[in-house]
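Residue strings, one per chain:
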Amino acid sequence: VTISVDGMGGDFAPKNVVSGCVQAVAETGVNVVLTGPQDQINNELSQHQYPSERIHVIHASEVVTMDDPATAALRKKPNSSMRVAVDLAAKGEADAIVSAGNTGAMYALVKFNVGSLPGIDRLPLAAWFPHPTGRSIVLDVGANVDCKARHLLEFALMGSIYAQEVFNIASPRVGLLNIGHEDGKGNDLTRETFPLLKNSDLNFIGNVEG
């Protein structure tokens, strides 16, 4: 597995990003491609011992800052560390992308350069929440402001697949986060979403009270 990593993403880049990549290579066996200003990345790598054949650096002269609008990543900074990392996955040269940088910019780059599955309109952010018997996946936790019912159905589908593939749960339960567990609770959005989930092939268990 090869992971492209935005070497300049986050508040403490590239120091912490490089350190994390070295740790990931040692603990998981993945290969990493770090993108960013080559001199800076190599300087940080020189502070560590690591298998040189497992971490590669690709030069990117620009950096997407936290204050940049998403459009800047798409149009004004074609050689940013984030853009180069995303393009590696878009070309099939990386299996996944990691960035701790500007979320809106990352969303836009992935949406337009990598794309989504057919029929999927919105991309969600996922988070693992504690659960008495393991972990739950909650979608969406911040990528979309206003959603329609069909978008929540898409999120449920993606979350279910994630649970199957990553958590090895054969038939993940899917709940609709709401103000109460009874059918018919909630606002227009949740009430419209409920029958879509109920009539889907997902293992829908109903409303889940926050």
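Structure: see above.
The structure presented is a predicted model; accordingly, all values stated were derived computationally and were not measured.

Considering the overall build of the chain
Here comes step 1: Scanning the chain from N- to C-terminus turns up seven helices and eight strands.
Here comes step 2: By principal-axis analysis of the C-alpha atoms, the chain measures approximately 60 × 40 × 30 Å.
Here comes step 3: Residue burial in the chain is summarised as follows: out of 210 residues, 38% are buried.
Here comes step 4: The long-range fraction of contacts in the chain, counting pairs at least 24 apart against all pairs at least 6 apart in sequence, stands at 56%.
Here comes step 5: In the form shown here, the chain has an accessible surface area of approximately 12,100 Å², with 52% of it arising from carbon and sulfur atoms.
Here comes step 6: In the chain, 16 positive and 23 negative side-chain charges are present, and the distance between their average locations comes to 4 Å.

What to know about a nonpolar patch on the surface
Here comes step 1: A cluster of nonpolar residues, Leu-125, Phe-129 and Val-141, forms a patch on the protein surface that exposes about 230 Å² of accessible area.
Here comes step 2: Secondary-structure assignment places Val-141 in the loop between strand 6 (134–139) and helix 6 (149–166).

Examining the environment of Phe-12
Here comes step 1: Note that Phe-12 resides in the loop between strand 1 (2–6) and helix 1 (15–28).
Here comes step 2: Here the alpha-carbon distance between Phe-12 and His-131, two residues 119 residues apart in the chain, equals 31 Å.

Points about helix 7 (residues 188–198)
Here comes step 1: Looking only at helix 7, the buried set comprises Thr-190, Thr-193, Phe-194 and Leu-197. Mapping the buried residues of helix 7 onto a view down its axis gives an arc of 120 degrees, with all of them on the same face. Helix 7 presents Asp-188 and Glu-192 as exposed residues on the side facing more than 90 degrees away from its buried surface.
Here comes step 2: Of the surrounding secondary structure, the elements contacted by the buried residues of helix 7 are helix 6, strand 7 (173–178) and strand 8 (203–209).
Here comes step 3: Capping the start of helix 7 is the job of one residue whose side-chain oxygen sits 3.2 Å from the backbone nitrogen of Leu-189: Asn-187.

Brief notes about the packing of helix 1 against helix 2 (residues 38–45)
Here comes step 1: Where helix 1 contacts helix 2, the axes come no closer than 9 Å and their chain directions differ by 55 degrees. For the element pair helix 1 / helix 2, the angle class is oblique. Here helix 1 runs over helix 2; the crossing is right-handed. Two secondary-structure elements touch here, helix 1 through Lys-15, Val-18 and Val-22 and helix 2 through Ile-41, Glu-44 and Leu-45.
Here comes step 2: Here the contact of helix 1 with helix 2 is composed, by residue class, of four nonpolar, no polar and two charged.

Notes on the packing of helix 6 against helix 7
Here comes step 1: Closest axis-to-axis distance for the helix 6/helix 7 pair is 8 Å, and the angle between their directions is 50 degrees. One way to sum up the angle between helix 6 and helix 7 is to call them oblique. Between helix 6 and helix 7 the crossing geometry is right-handed. In this structure, helix 6 uses Ala-149, Arg-150, Leu-152, Leu-153 and Ala-156 to contact helix 7, whose residues at the interface are Leu-189, Glu-192, Thr-193, Leu-196 and Leu-197.

Remarks on the packing of aromatic side chains
Here comes step 1: Counting across every chain of the model gives three aromatic pairs.
Here comes step 2: Their ring planes at 75 degrees and their centres at 5.2 Å tell us that Phe-194 and Phe-204 sit as a pair that is edge-to-face. Within this pair, whereas Phe-194 is found in helix 7, its partner Phe-204 is found in strand 8, the two being separated by 10 residues in sequence. Considered together, Phe-194 and Phe-204 belong to a single accessibility category, that of buried residues.
Here comes step 3: Feature note: the residues Trp-128, Tyr-162 and Phe-167 constitute an aromatic cluster, connected by ring pairs.
Here comes step 4: The side chain of Arg-135 reaches across the aromatic face of Trp-128, ending 3.9 Å from its centre.

Conventions and cut-offs
Residues numbered from 1 in each chain as written. Predicted model: local features only at pLDDT ≥ 70, side-chain atom pairs only at ≥ 80, totals over all residues. Heavy atoms only, no water. Helix = DSSP H or I, 4+ residues; strand = E, 2+ residues; numbered from the N terminus. Buried < 20%, exposed > 50% of the residue type's maximum accessible area, 1.4 Å probe, protein only. Contact = heavy atoms within 4.5 Å. Areas by Shrake-Rupley, 256 points an atom, 1.4 Å probe, with all protein chains shown as cover. Lys, Arg positive; Asp, Glu negative; His and termini not counted. Charge placed at Lys NZ, Arg CZ, Asp CG, Glu CD. Patch = residues over 30% accessible without salt bridge, like charges linked within 9 Å, V, L, I, M, F, W, Y side chains within 5 Å. Salt bridge = Lys/Arg side-chain N within 4 Å of Asp/Glu carboxyl O. Arc of directions from axis to C-beta. Polar contact = N/O pair within 3.5 Å; in protein donor to acceptor, adjacent residues only side chain to side chain. Axes fitted to C-alpha atoms, helices over the stretch in contact; angles between N-to-C directions. Parallel < 35°, antiparallel > 145°, perpendicular 65-115°, else oblique. Left-handed = near helix turned anticlockwise from the far one by under 90°. Nonpolar A, V, L, I, M, F, W, Y, C, P; charged D, E, K, R; others polar. Phe/Tyr/Trp six-rings, centres within 6.5 Å; stacked < 30°, edge-to-face > 60°. Lys NZ or Arg CZ within 6 Å of the ring centre and 35° of its normal.

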